[in-house]
Each structure stands twice: as C-alpha cells, then as structure tokens.
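An overview of the molecular structure
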Amino acid sequence: MENKVISEEKANWRRRMAAVRDGLAPADRQRLSDQLCARLENGLLSPLRSELGRPLRLCVYAPYRSEASPLPLLRGCRDKGDLLVAPRMKPEGGLELREVQQASDWAPGRWGVPEPDPLRSRLVPTTIPLDIVLVPGMAYSLAKAGTIARLGYGGGYYDRLYAQREAAVAEGTIWVGFAYAIQVVAEPLPAESHDLLLHALATEQGIMRIGEGDWA
Ligand SMILES: Nc1nc2c(c(=O)[nH]1)N(C=O)[C@@H](CNc1ccc(C(=O)N[C@@H](CCC(=O)O)C(=O)O)cc1)CN2
Ligand SMILES: Nc1ncnc2c1ncn2[C@@H]1O[C@H](COP(=O)(O)OP(=O)(O)OP(=O)(O)O)[C@@H](O)[C@H]1O
C-alpha cells in the first residue's frame, strides 16, 4: 500500500513543519511577511505589470494559523488596479473564488480559516484568467531538480483547483509558493501524482522561478 505509506510520511512532515512555523514569534511573522511582500512586489508583481502593460489578476489568501501573510500586499495592489480574488471552501467541497477589496471582506470559515465573506464578496468563475496564484503551504522543496514541490494541509484543495484550472484554461498563470524561508526543506517531500508543481517560490530571502536559476 504505497499510498498509505506516502500519506503517513506527509502527516509526519505536516506535524514537524507546523512546529517549525508555529515557533516563529508573532512579531517575527509580521516582519518576515512584510519583507516577503516587498520581495514579491518588487521581484515579480511590478515587473509583470510592466511586461504585460496592465494591472494583474491575483489569487491571494489571508493567513491561517502561523502562515506567512500576503495581506501587506493588498492595498498597493488595489491602488495599482489589480483584481484580487481569494479561495473559499464550498460547503459541498472544492473551492470557489471571490473578489476581495478590503479587510472587512474576510470572515472566518470552516476550521476558522479566513475566507472571503460570501455576503460581502462577488463570486468569480473558477476559470477566470489569473496571472498569479499565491499558494500557502506547510513545506516546500527544491530537492528534485527543476521542480518546486509543496505540502499543504491535506485537503487537496489547491491540487484540485490547479487540476481544474489546467483543464479549463491553457494560460500563463504563475503558481507561486508563498512562505517563510524556514519552510523550504533540503529533502525531497513525499509526492503523489496529483500534487501541484509550483512555477515559483517567494520567501523573505527572494523569489525563485523555475528555469531561471538563481534567487532574485
Ligand atoms: N490561508 C489559507 N487559506 C486556505 C488554505 C490554506 O492552506 N491556507 N487552503 C489550502 O488548501 C484551503 C483550505 N484548506 C484547509 C484544509 C485543512 C485545514 C485544517 O485545519 N485541517 C485540520 C484537520 C481537519 C480535519 O480533517 O479534521 C487540521 O489540519 O488540523 C485548513 C484549511 C483554502 N484556503
Ligand atoms: N486533482 C485531484 N482530484 C481529486 N482528488 C484530489 C486531487 N488532488 C488531490 N486530491 C485528493 O486530496 C487529498 C489530499 O491531497 P494532499 O495530501 O496532496 O493535500 P495537500 O496538497 O497537502 O492539501 P491542500 O492543497 O488542501 O493544502 C488526497 O486524498 C487526494 O487524493
């Protein structure tokens, strides 16, 4: 039962990496998230706006537990005219995407995960063309050459969103792991064929894009 072994390995990694991330003091999380957002804006978002000659469409999230926070980005993105959407867990399973405009648009959903409040946010089609998806996670690995692997909470939500979008639209969406540098591990992570492979990884130390070698 290879899948059972992989599931157990994933569970062990999740426990270990939750402890690592929870070990960051709240003030450090804030400081590192601010640095990470500045890196992403300067290293990826701003160059991409220039390259495309228009505002961006981004899928963001609000931090759950001790996750790195993309929230410091949002005001600047809004001011530049970007469209911001975020995932919400549908009661029947799977994710939907909703437009977020301000702090009050978020409300705690299932398990207390902050999500767009369905009463205050506009539903957008899951297949809406997106330039960037910021992907939260527990751990990321560059160990397998040319790939960026990710381990999430185990719901398979982003894996399925990825599969759904890949099937629906052939587009140049950049899927970006968004995390503290301590979440990047040297070992390969246990992998299954449904796991999404990221195109880039952003930490407070820099941005790495597949096929572009070094950290920028
Ligand atoms: N900030 C944020 N938003 C997100 C995600 C995320 O990882 N981070 N998701 C990314 O997928 C989706 C939500 N997925 C989640 C999946 C599991 C748990 C969770 O807390 N699970 C419990 C176990 C639940 C159970 O089965 O009893 C746990 O880990 O303790 C939270 C979010 C969509 N929104
Ligand atoms: N494309 C898919 N179609 C159907 N089921 C899927 C798909 N991708 C993942 N799953 C299912 O989701 C479950 C959890 O997968 P996995 O352990 O890889 O989650 P994860 O990537 O850590 O979680 P998340 O994306 O929610 O943070 C698995 O049982 C898997 O079979």
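Residues numbered from 1 in each chain as written. Chains lettered and ligands numbered in written order. Predicted model: local features only at pLDDT ≥ 70, side-chain atom pairs only at ≥ 80, totals over all residues. Heavy atoms only, no water.

**Here's the deal with the nonpolar core**
- One finds Leu-40, Val-60, Ile-132, Leu-134, Trp-175, Val-176 and Phe-178 to be the most contacted residues of the largest nonpolar core, which totals 55 residues.
- Excluding residues that lie within four positions of it along the chain, Leu-134 makes contacts with Leu-40, Cys-59, Val-60, Tyr-61, Pro-70, Leu-73, Tyr-158, Val-176 and Phe-178.
- Among the nonpolar cores identified, the runner-up in size contains seven residues, and Met-138, Ala-139, Leu-151 and Val-185 belong to it. (Core = buried A, V, L, I, M, F, W, Y, C linked by side-chain atoms within 4.5 Å. Buried < 20%, exposed > 50% of the residue type's maximum accessible area, 1.4 Å probe, protein only. Contact = heavy atoms within 4.5 Å.)

**Side note on the site of ligand 2**
- Lining the immediate environment of ligand 2, one finds 15 residues, of which Lys-10, Arg-14, Arg-150, Gly-152 and Asp-159 sit closest.
- Note that an oxygen atom of ligand 2 is positioned 3.1 Å from one of the backbone N or O atoms of Gly-154.
- Here Tyr-157 contributes a backbone N or O atom positioned 2.9 Å from an oxygen atom of ligand 2.
- Relative to its unbound accessible area of 650 Å², ligand 2 is 69% covered by the protein chains. (Near = heavy atom within 4 Å. Polar contact = N/O pair within 3.5 Å; in protein donor to acceptor, adjacent residues only side chain to side chain. Areas by Shrake-Rupley, 256 points an atom, 1.4 Å probe, with all protein chains shown as cover.)

**Details of the site of ligand 1**
- The environment of ligand 1 is formed by 13 residues, the closest being Ala-62, Tyr-64, Arg-65, Glu-67 and Tyr-153.
- At 2.6 Å from an oxygen atom of ligand 1 is found a side-chain nitrogen or oxygen belonging to Tyr-64.
- One nitrogen or oxygen atom from the side chain of Glu-67 is found 2.7 Å from a nitrogen atom belonging to ligand 1.
- In the complex, 74% of the free accessible area of ligand 1, which totals 690 Å², lies under the protein chains.
- Classifying every residue of the shell around ligand 1 by side-chain character gives 11 nonpolar, no polar and two charged. (Nonpolar A, V, L, I, M, F, W, Y, C, P; charged D, E, K, R; others polar.)

**A few points about the state of the cysteines**
- Across all of its chains, the model carries zero disulfides by this definition.
- Counting only cysteine sulfurs, Cys-77 is the nearest neighbor of Cys-59, a cysteine outside any disulfide, at a range of 12 Å.
- By relative accessible area, Cys-59 is classed as buried at 1%.
- With no disulfide of its own, Cys-77 has Cys-37 as its nearest cysteine by sulfur position, at a separation of 8.6 Å.
- The exposure class assigned to Cys-77 is buried, which follows from its relative accessible area of 0%. (Disulfide = S-S within 2.5 Å.)

**Structural notes on helix H2 (residues 26-52)**
- Here H2 is 27 residues long and its end C-alpha atoms lie 36 Å apart, about the 39 Å a rise of 1.5 Å per residue gives.
- The sharpest bend along H2 reaches about 40 degrees and sits at Glu-41.
- As for H2, its buried residues are in contact with strand E1 (57-59), helix H3 (71-79), strand E7 (132-135), strand E10 (174-178), strand E12 (200-203) and strand E13 (206-209).
- A positive phi of about 70 degrees marks Gly-53, the residue just after H2. (Helix = DSSP H or I, 4+ residues; strand = E, 2+ residues; numbered from the N terminus. Expected span 1.5 Å × (residues − 1). Bend = angle between axes of the 7 residues up to and from the residue.)

**Quick notes on the sheet that holds strand E9 (residues 149-151)**
- Reading across the sheet, the three strands line up as E9-E8-E11 and stay open at both edges, with mixed pairing between neighbours. A strand with exactly one partner marks an edge of an open sheet, and here the two such strands are E9 and strand E11 (184-185).
- Bridge analysis of strand E8 (residues 139-141) against E9 gives three bridges, and the strand direction is antiparallel. In the strand pairing of E9, Ser-141 is matched with Ala-149.
- The strands that helix H1 (residues 2-22) touches are E8, E9 and E11; relative to E9, the one it contacts most, it runs at about 80 degrees. (Pairing = 2+ DSSP bridges. Axes fitted to C-alpha atoms, helices over the stretch in contact; angles between N-to-C directions.)

**Let's talk about the side chain of Glu-96**
- Here Glu-96 shows up in strand E3 (residues 95-99).
- Excluding residues that lie within four positions of it along the chain, Glu-96 makes contacts with Ala-86, Pro-87, Arg-88, Lys-90 and Leu-123.

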